[in-house]
Amino acid sequence: ALLRIHIDIEDLHHYLLEAILSLFAQESHRLASFYARAGSGISNNLPGKETITLRCSPALSSLTIRIHTLRRPSLVEVDLSQCVSVNGTCSRLEHLSVDRGVGVQLPQRHDDTLQFPHLRSLHFKAVHQYQDLEDLLRMLSASKNLENLRFAILSWTGPLPTSNRN
C-alpha cells in the first residue's frame, strides 16, 4: 500500500529527524505523499551526519521537505534523477517544495528527458549555490504545466547561469 506521511519535528540538532528520515528513505518506493518539517535547528556544523537520500518513486504526487539548516552538504537529498520519460512513463509529482538544507539530484546528463508533466506547484529555496539555480532552471524547463512557482535565493556569489530552454 502507498504511504501518506506527515512529520513535524522540533529537533535542535536534527538527531531525531535523521533517524526518522533514514527509516522512511528505505520505504521511499511506497510513498504517495511526504511532508517533513524540522524546526529549531540552524546548525551549520553537524559532525558525523551523513546525507540522507530520498528517492522519488513514480507514485509520489506531493513532496515537501523543510529543514532549517545551512549545512552543506545537505542533510537530505531529494533524488529526482528517475523523473525521466521512459517508455511513456513519467513522474506523477504534482507538488514539490524543498527548503534550504535540502539538496536536489537531477539526471547527470543534460540530454536525459527530465519531465514533470503533472507538476503544478514548485517551491524552491536555495542557499549560496550556483548549482541550486541551475537545477531550478532545469526543473522549470521540465514542468510544462506549472501553475505556481515560488523561489528564494538567500545569498548569491558567482556568475548567473544561462538557460538553454527552447
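Please read all numbers here as calculations on a predicted model, not as lab measurements. (Residues numbered from 1 in each chain as written. Predicted model: local features only at pLDDT ≥ 70, side-chain atom pairs only at ≥ 80, totals over all residues. Heavy atoms only, no water.)

*Asks:* Would you mind showing me how to read helix 1 (residues 15-25) here?
*Replies:* Along helix 1, the residues classified as buried are Leu17, Glu18, Leu21 and Ala25. Across the axial projection of helix 1, the buried residues extend over an arc of 100°, all falling on one side. Along helix 1, the residues that are exposed and aim more than 90 degrees away from the buried face are Tyr15 and Leu23. (Buried < 20%, exposed > 50% of the residue type's maximum accessible area, 1.4 Å probe, protein only. Helix = DSSP H or I, 4+ residues; strand = E, 2+ residues; numbered from the N terminus. Arc of directions from axis to C-beta.)

*Asks:* What is the right way to look at the environment of Glu147 in this model?
*Replies:* Within the secondary structure, Glu147 is located in the loop between helix 2 (130-141) and strand 9 (148-153). Between the C-alpha atom of Glu147 and that of Arg120, which follows or precedes it by 27 residues, the distance is 5.0 Å.

*Asks:* Can you walk me through the sheet that holds strand 3 (residues 52-55) in this structure?
*Replies:* Two pairing modes exist for strands in a sheet, parallel and antiparallel, and in both the strands are linked by backbone hydrogen bonds. Ordered in space as 3-5-7, the 3 strands form an open sheet in which the pairing is parallel. The sheet terminates laterally at strand 3 and strand 7 (102-105), the two strands that pair on one side only. Neighbour-to-neighbour, the strand axes of the sheet open up by a mean angle of 25°, direction not taken into account. Bridge count for strand 3 against strand 5 (residues 76-79) is 4 bridges, and the pairing is parallel. Counted as the bridge partner of Arg55 is Asp79 from strand 5. Relative to strand 3, helix 1 is tilted by about 35°, and along the sheet it contacts strand 3 and strand 5. (Pairing = 2+ DSSP bridges. Axes fitted to C-alpha atoms, helices over the stretch in contact; angles between N-to-C directions. Contact = heavy atoms within 4.5 Å.)

In short, shape yes, function no, at least from these values alone.
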